[in-house]
Amino acid sequence: MEEFRRTYSRLCKESGAEPQETVLQQMHQLPQGRLDLATQSLTVDTCRALGKLLQKEALLTELVLSDCMLSEEGAVLLLQGLCVNTIVRFLDLKGNNLRASGAEALAKLLRQNKSIQSLTLEWNSLGTWEEAFAAFCGALAANGALRQLDLRNNQISHKGAEELALALKSNTSLQQLDFPPDLRWNHIGLLGGRALVNCLPSNRTLWKLELAGNSIPGDILRAVEQAMDHNQDRQTAFRESQARAHVLSKEVRHLREEKSKQFLDLMETIDRQREEMVRSSKASAARVGQLQEALNERHSIINALKAKLQMAEAALALSEQKAQDLGELLATTEQEQRSLAQRQAKEHRLEQQEAAERESKLLRDLSAANEKNLLLQNQVDELERKVKSQQDQLFLTRQELTNTAAELKMRAVQAEERLELEKKRSRQSLEDAEHLRFKEVEHMTRHLEESERAMQERVQRLEAVRLSLEEQRLAHLEEKLRLLAQARDEAQSACLQQKQVVADAQARASQLGRQVEGLRRRLEELQQELSNKDQEKAAEVTRVRLELQEQNGRLQAELTAQEALKEKAAALERQLKVIASDHREALLDRESENASLREKLRLKQAEIARIRDEEAQRASFLQNAVLAYVQGSPLRTLSPQK
């Protein structure tokens, strides 16, 4: 920060001005990465030096210039320096009375700067100049980095609100705000509120919009709150789906790690067994080197037995293939039977008379197919008898296969039970979601009916007021006409009495007639005004109905989008289940292979032990024979005489 102070002093001296002491003191006291000049009156020279310094400064991330009494020129110089800065993230220009040139400089800043994420413009006058504020909104629409925007107390009119709504429609970063724009205490009014409400359907991530103190009707504020609630619900649903996908991916990774560990352990055990076999084979070769010929004979016998075993396995595979072929034939015949039954049903609907003949034909075909099935069943029985005769030699392997099959069935039953539980849970969740959707639709329909009833009551009250006004005006006119008639009678009687005042009475009567004509024209004008008001009310009612219908349509679209998201989540869950089942099947295959290898190893070890026992018996027999021969030889009898 000391280097920052020296650079500021040098730039002030180069421009021919003295640095401000208050600014130097604030630079000396401020922490690293933050420059707070709030409530400091900054001159134009100071703003010029700070603008040049901010073009090259790479340490500041927050710049606070609230209530600094910035002039138009000073604000432009500061914002020009920030246009090329790539480090500042937070900018506070509260209470600086920025006007047209300030709004244009801010528009240039938003178009060129890509690092500022928070911008505070509270207590300025940006909305007073509509063209400059429109340029600011256009730059805001093109900006892709801004996350927080504060526009409170900026005298924004309804036209400024319309420009801001266009910016919210086209700006992609503002559709992903973490802290939404604050528009409280402006002059947005009814038209501006409608513009903001119309822009909200295209912005699906804005979750909070403050519009208090803007002379906006309550229905528009409720529409804004409803749109924000929908966006919040959509974001929560999206976060929940992401969390579920993350949990499922973690589980899949955990399963993969466990299966890989089990596979590695299994491979290690197999390697150890192989090493033990190698050691045992070496020891047996060292011990039985003298009896290699007998071992060779035994090996030849073992090879012969292996050949017989392979022949038996081939015969068994052939019989299984034949049984599979017979099963396929049975399946084809059953498919033919189904197709014939379908054809029979269709022809029975079209032509009832021919149906009986075709049904008899199909019955004959079915009987023939049953006979074929019986023949095939007999062949299968014969093959099974042959297989049973061969299975006597492979009883041990068959027993192992049955055990593994039973285990697989048990596991399949367990997997089916788990699948049933998952299906029940998914059905329960879908029923809950459908119930909530029905409740929401019923709530919206009740709200629409209540609003329609309120409009009808309002129209009835207006009609009653109109009728009462017409009755009052007609009574007043009738009273005037009655008075006029009475005056006319009095004039006629006076005319009979005094002929000299006839001309005056006639003039008065003509004047009164003109008054009556004027009153009639006034009555017609009032009736025309009432009819116009009735038309306006009817147009307002139709417009409100159309808006409610549009809101209902948007709600339906959002519900369909939520259902699509649920379907995607269900598809992902099904994919994960398929992957898990594939892993289970692969592991079961590996386990069966390992079990078969263990069985073969056990058989080999038993064969080797048997051969060792036989060779030991032969060696003992030879030793006994040699001892008997030595004991019975002549040398044995002559040895005592020596």
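In this text the structure is predicted, and so the values were computed from the model without any measurement. (Residues numbered from 1 in each chain as written. Predicted model: local features only at pLDDT ≥ 70, side-chain atom pairs only at ≥ 80, totals over all residues. Heavy atoms only, no water.)

1. Considering the overall build of the protein chain
Part 1 of the reasoning: Along the protein chain, the regular secondary structure elements total 14 helices and five strands.
Part 2 of the reasoning: In summary, the protein chain has a C-alpha radius of gyration of 50 Å against a globular reference of 26 Å for 642 residues, an excess of more than 25%.
Part 3 of the reasoning: A buried classification covers 27% of the 642 residues belonging to the protein chain.
Part 4 of the reasoning: Here the contacts in the protein chain between residues at least 6 apart in sequence split such that 83% fall between residues at least 24 apart.
Part 5 of the reasoning: Of the roughly 43,100 Å² of accessible surface on the protein chain, a fraction of 54% belongs to carbon and sulfur atoms.
Part 6 of the reasoning: Once the 96 positive and 101 negative side-chain charges of the protein chain are each reduced to a mean point, those two points are 4 Å apart. (Helix = DSSP H or I, 4+ residues; strand = E, 2+ residues; numbered from the N terminus. Rg over C-alpha atoms; globule rule 2.2 N^0.38 Å. Buried < 20%, exposed > 50% of the residue type's maximum accessible area, 1.4 Å probe, protein only. Contact = heavy atoms within 4.5 Å. Areas by Shrake-Rupley, 256 points an atom, 1.4 Å probe, with all protein chains shown as cover. Lys, Arg positive; Asp, Glu negative; His and termini not counted. Charge placed at Lys NZ, Arg CZ, Asp CG, Glu CD.)

2. Let's talk about a negative patch on the surface
Part 1 of the reasoning: Residues Glu104, Glu130, Glu131, Glu162 and Glu163 make up a contiguous surface patch of negative charge.
Part 2 of the reasoning: Of all the secondary-structure elements, those providing two or more residues to the negative patch are α6 (130-142) and α7 (158-170).
Part 3 of the reasoning: Along the chain, the position of glutamate 131 falls in helix α6. (Patch = residues over 30% accessible without salt bridge, like charges linked within 9 Å, V, L, I, M, F, W, Y side chains within 5 Å. Salt bridge = Lys/Arg side-chain N within 4 Å of Asp/Glu carboxyl O.)

3. Side note on the nonpolar core
Part 1 of the reasoning: One finds Tyr8, Leu42, Leu91, Leu93, Leu106 and Leu121 to be the most contacted residues of the largest nonpolar core, which totals 52 residues.
Part 2 of the reasoning: Among the elements of the structure, α1 (2-14), α2 (21-29), α3 (44-56), α4 (72-83), α5 (100-112), α6 and α7 are those that each provide at least two residues to this core.
Part 3 of the reasoning: The greatest single-element share of this core, amounting to seven residues, is contributed by α6.
Part 4 of the reasoning: Setting aside residues up to four positions removed in sequence, leucine 121 forms contacts with Leu93, Leu98, Leu106, Leu126, Phe136, Leu149, Asp150, Leu151, Arg152 and Asn154. (Core = buried A, V, L, I, M, F, W, Y, C linked by side-chain atoms within 4.5 Å.)

4. Description of the packing of α1 against α3
To characterise two packed helices, one gives the angle between the axes of the helices and the distance between these axes.
Part 1 of the reasoning: Relative orientation of the contacting elements α1 and α3 amounts to 125 degrees, with a least axis distance of 9 Å. In terms of orientation, α1 and α3 fall into the oblique class. Note on packing geometry: the crossing formed by α1 with α3 is right-handed. Every residue of α3 that contacts α1 at Phe4, Thr7, Tyr8, Leu11 and Cys12 is listed here: Thr46, Ala49, Leu50, Lys52 and Leu53. (Axes fitted to C-alpha atoms, helices over the stretch in contact; angles between N-to-C directions. Parallel < 35°, antiparallel > 145°, perpendicular 65-115°, else oblique. Left-handed = near helix turned anticlockwise from the far one by under 90°.)

5. Description of the sheet that holds strand β5 (residues 148-150)
Part 1 of the reasoning: Spatial ordering of the open sheet is given by β1-β2-β3-β4-β5, a layout of five strands whose pairing is parallel. Two strands close off the open sheet at either side, each with one partner strand: β1 (34-36) and β5. Neighbour to neighbour, the strand axes of the sheet diverge by 0 degrees on average, direction disregarded. (Pairing = 2+ DSSP bridges.)

6. Description of unusual backbone geometry
Part 1 of the reasoning: Phi at methionine 69 takes a positive value of approximately 55 degrees, unusual for a residue other than glycine.
Part 2 of the reasoning: The class for methionine 69 is exposed, based on a relative accessible area of 64%.
Part 3 of the reasoning: Not every positive phi belongs to a glycine, and glutamine 155 is a case in point at roughly 55 degrees.
Part 4 of the reasoning: Judged by its relative accessible area of 40%, glutamine 155 is partly exposed.

7. Let's talk about the environment of asparagine 214
Part 1 of the reasoning: With respect to the element layout, asparagine 214 can be found in the loop between α8 (189-199) and α9 (218-287).
Part 2 of the reasoning: Measuring from C-alpha to C-alpha, the distance between asparagine 214 and glutamine 155 comes to 9.7 Å, with 59 residues separating the pair along the chain.

8. Focus on the pattern of salt bridges
Part 1 of the reasoning: Taken as a whole, this structure holds 15 salt bridges when the rule is applied.
Part 2 of the reasoning: A salt bridge links arginine 602 to glutamate 599; the nearest nitrogen and oxygen atoms lie 2.1 Å apart. On the criterion of helical spacing, the pair formed by arginine 602 and glutamate 599 is a turn pair, its members being three residues apart in helix α13 (residues 502-631).
Part 3 of the reasoning: For arginine 602, a relative accessible area of 45% corresponds to the partly exposed category.
Part 4 of the reasoning: Since its relative accessible area comes to 18%, glutamate 599 is described here as buried.
Part 5 of the reasoning: A single salt-bridge network, built from bridges that share partners, covers Arg34, Asp36 and Glu62.

9. Digging into the environment of alanine 304
Part 1 of the reasoning: Counting through the fold element by element, alanine 304 comes out in helix α10 (residues 292-350).
Part 2 of the reasoning: Note on alanine 304: relative accessible area 40%, which makes it partly exposed.
Part 3 of the reasoning: Once the C-alpha coordinates of alanine 304 and glycine 81 are considered, the two residues, 223 residues apart in sequence, prove to be 95 Å apart.

10. Here we look at the packing of α4 against α5
Part 1 of the reasoning: Put simply, α4 and α5 touch, their axes get as near as 9 Å, and they point 0 degrees apart. Accordingly, the angle class assigned to the pair α4 and α5 is roughly parallel. Of the residues in α5, those in contact with Glu72, Val76, Leu79, Leu82 and Cys83 of α4 are Ala100, Ser101, Gly102, Ala105, Leu106, Lys108, Leu109 and Gln112.

11. Focus on the side chain of serine 9
Part 1 of the reasoning: Mapped onto the elements, serine 9 comes out in helix α1.
Part 2 of the reasoning: The buried category is assigned to serine 9, whose relative accessible area is 17%.
Part 3 of the reasoning: Beyond its immediate sequence surroundings of up to four residues, serine 9 is in contact with Pro19 and Leu24.

12. A few points about α7
Part 1 of the reasoning: Helix length check: α7 (13 residues) gives 19 Å between terminal C-alpha atoms against 18 Å at 1.5 Å per residue, within 8%.
Part 2 of the reasoning: Residues of α7 that are buried in the fold lie against α6 and α8. (Expected span 1.5 Å × (residues − 1).)

13. Section: the side chain of asparagine 154
Part 1 of the reasoning: Here asparagine 154 shows up in the loop between β5 and α7.
Part 2 of the reasoning: Among the polar contacts listed, one links the side chain of asparagine 154 to the backbone oxygen of leucine 121, at a separation of 2.7 Å. (Polar contact = N/O pair within 3.5 Å; in protein donor to acceptor, adjacent residues only side chain to side chain.)

14. Looking at the state of the cysteines
Part 1 of the reasoning: Enumeration according to the criterion identifies zero disulfides in this entry.
Part 2 of the reasoning: Not engaged in a disulfide, the cysteine cysteine 12 finds its nearest cysteine sulfur in cysteine 47; these two sulfurs lie 10 Å apart. (Disulfide = S-S within 2.5 Å.)

15. Points about the confidence of the model for the protein chain
Part 1 of the reasoning: The pLDDT averaged across the protein chain works out to 80; a share of 91% of its residues lies at or above 70.
Part 2 of the reasoning: Within the protein chain, the element-level pLDDT minimum falls on helix α14 (residues 634-638), averaging 44, and the maximum on strand β3 (residues 90-92), averaging 93.
Part 3 of the reasoning: Low pLDDT (under 50) marks residues 175-180, which in the prediction has 23 contacts with non-local residues, meaning those over four places away or in another chain.
Part 4 of the reasoning: Low confidence marks residues 634-642, where pLDDT is under 50. Its contacts with residues over four positions away, or in another chain, come to two contacts. (pLDDT = per-residue confidence, 0-100.)

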